[in-house]
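# Geometric and topological summary
One-letter residues, chain by chain:
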Amino acid sequence: MRITRLLMGMPITVEVVESPHPPPLSPSSQRGGADRGEVLASAIEGVFAYFEYVDATFSTYKTTSEITAINEGRLTLAGASPNMQTIFALAEQTKAESFGYFDIAFGGKIDPSGVVKGWAIHNAAQMLWDGGFDNFYVDAGGDVQVSGKNADGENWRVGIRNPFNIEQIVKVLSLSDCGIATSGNTIRGAHIYDPHQPGSFQPEIVSMTVIAPNVYEADRFATAAFAMDRRGIGFIEHLQGFEGYMIDRAGMATLTSGFEAYVA
């Protein structure tokens, strides 16, 4: 079952492939007369409901969101929801781990999107795992968590878009049980900056793709590495269990040493 909806200002796709021998339904589902297809449909609906919650809470474009209330001084972090406090803590952790290149504060406002999206995708994937589903992917705006195998029993195929022509794929990757995220200024325009040079950052790179053990790790460190400009690919090279693919303004690609192992 594959469903795509527009949420959080981007297409979100969830595809779940049933295993040949799925686990038995829970006693509560059996009593309710639900079949496996209904359980699957309900699980996917739960994932999309979760993304709606994330958008309502963390969108800087919604006047009613919790992050907007914080930015406008109507809400303190101490009075914010546990999830908001978690995001701020994860952002501070990432800032420390990336030598200050990851920073959700800019121009007097907080924009947590660099950590929220990967965190939300990973949490959505956890919902599917908890529901007994092992073979699926969750894709939000090109950042993806993959699990298990596709309908053909093979690794999932994930493409890296050409930042100069988004209709073109420059690499196709074969992935299972990991996350992948790409950061850049192609789709949303300039929104990632070097915190050490505020207002003067003119990146020499246009795209930074990171493969990591899960999409949360991939997303946050792809953002940080992009802010590092050319030094970012070296940063990814030294992260255990991570691989990266960087494209510069001249269209040249630089890969980490283990990246080719994932190329289909």
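The structure displayed is predicted, hence computed values, not measured ones. (Residues numbered from 1 in each chain as written. Predicted model: local features only at pLDDT ≥ 70, side-chain atom pairs only at ≥ 80, totals over all residues. Heavy atoms only, no water.)

## Quick look at the pattern of salt bridges
Summed over the entire model, instances satisfying the criterion amount to 10 salt bridges. Between Lys62 and Asp55 there is a salt bridge, with the nearest N and O atoms lying 3.7 Å from each other. According to the relative accessible area criterion, Lys62 is partly exposed, its value standing at 33%. A residue is classified by how much of its surface remains accessible, and Asp55, at 15% relative accessible area, is buried. Taking the shortest distance from any N to any O, the salt bridge between Arg74 and Glu72 comes out at 2.9 Å. Salt bridges sharing common partners tie together Glu97, Glu217 and Arg220. (Salt bridge = Lys/Arg side-chain N within 4 Å of Asp/Glu carboxyl O. Buried < 20%, exposed > 50% of the residue type's maximum accessible area, 1.4 Å probe, protein only.)

## Structural notes on helix H4 (residues 82-97)
For H4, which comprises 16 residues, the first-to-last C-alpha distance of 22 Å matches the rise-based estimate of 22 Å (1.5 Å per residue) to within 8%. Residues of H4 that are buried: Met84, Ile87, Phe88, Leu90, Ala91 and Thr94. Viewed end-on, H4 has its buried residues packed into an arc of 165°, placing them on one side of the element. Pointing more than 90 degrees away from the buried face of H4 are the exposed residues Pro82 and Ala96. Of the surrounding secondary structure, the elements contacted by the buried residues of H4 are helix H2 (36-58), helix H3 (66-71), strand S4 (109-110), helix H5 (113-130) and helix H6 (215-227). At the C-terminal side of H4, Phe99 shows a positive phi close to 60°. (Helix = DSSP H or I, 4+ residues; strand = E, 2+ residues; numbered from the N terminus. Expected span 1.5 Å × (residues − 1). Arc of directions from axis to C-beta. Contact = heavy atoms within 4.5 Å.)

## Remarks on the nonpolar core
Among the nonpolar cores identified, the biggest contains 41 residues, and Ile12, Val14, Val16, Phe51, Trp119, Leu128 and Val138 are the most heavily contacted of them. Looking at this core, the elements with two or more residues in it are strand S2 (10-17), H2, H3, H4, H5, strand S5 (135-140) and H6. In terms of residues, this core owes the most to one element, H2, which gives 9 residues. Core analysis: the next-biggest nonpolar cluster, separate from the first, contains 19 residues, Ala218, Ile233, Phe235 and Met246 among them. (Core = buried A, V, L, I, M, F, W, Y, C linked by side-chain atoms within 4.5 Å.)

## Considerations on the sheet that holds strand S12 (residues 253-255)
Strand order in the open sheet formed by 8 strands is S1-S2-S5-S6-S9-S10-S11-S12, with antiparallel pairing between adjacent strands. Both edges of this open sheet fall to strand S1 (2-7) and S12, since each of them pairs with a single strand only. Ignoring which end each strand starts from, the neighbouring axes of this sheet average 10° apart. Sheet analysis places strand S6 (residues 143-147) next to strand S9 (residues 178-184), joined by 3 bridges and oriented antiparallel. Bridge pairing in S9 places Gln145 opposite Gly179. The strands touched by H5 are S2, S5 and S6; relative to S5, the strand with the most contacts, the crossing angle is about 155°. The strands that H6 touches are S6, S9 and strand S10 (205-212); relative to S9, the one it contacts most, it runs at about 25°. (Pairing = 2+ DSSP bridges. Axes fitted to C-alpha atoms, helices over the stretch in contact; angles between N-to-C directions.)

## Notes on unusual backbone geometry
Generally, phi is negative for residues other than glycine and the peptide bonds are trans, each holding for most cases. In this structure, Met8 takes a positive phi of about 55° despite not being glycine. Here Met8 shows up in the loop between S1 and S2. Positive phi outside glycine occurs at Asp177, with the angle close to 55°. Along the polypeptide, Asp177 turns up in the loop between strand S8 (165-175) and S9.

## A closer look at the environment of Ile110
Along the chain, Ile110 turns up in strand S4. Remark: the alpha-carbon pair of Ile110 and Asn71, spanning 39 residues in sequence, is separated by 6.4 Å.

## What to know about the packing of H5 against H6
With their axes 7 Å apart at the nearest point, H5 and H6 run at an angle of 165° to one another. On the basis of the axis angle, H5 is roughly antiparallel to H6. Crossing angle aside, the handedness with which H5 passes H6 is right-handed. Contacts from Ser113, Gly114, Val115, Lys117, Gly118, Trp119, Ile121 and His122 of H5 reach H6 at Val215, Tyr216, Asp219, Arg220 and Thr223. (Parallel < 35°, antiparallel > 145°, perpendicular 65-115°, else oblique. Left-handed = near helix turned anticlockwise from the far one by under 90°.)

## Topic: the environment of Ile236
Tracing the sequence through the fold places Ile236 in helix H7 (residues 232-237). For the pair Ile236 and Ala218, spaced 18 residues apart in sequence, the C-alpha to C-alpha distance is 9.9 Å. When sequence neighbours within four positions are dropped, the list of residues in contact with Ile236 reads Val210, Phe221, Ala225, Phe242, Glu243, Gly244 and Thr256.

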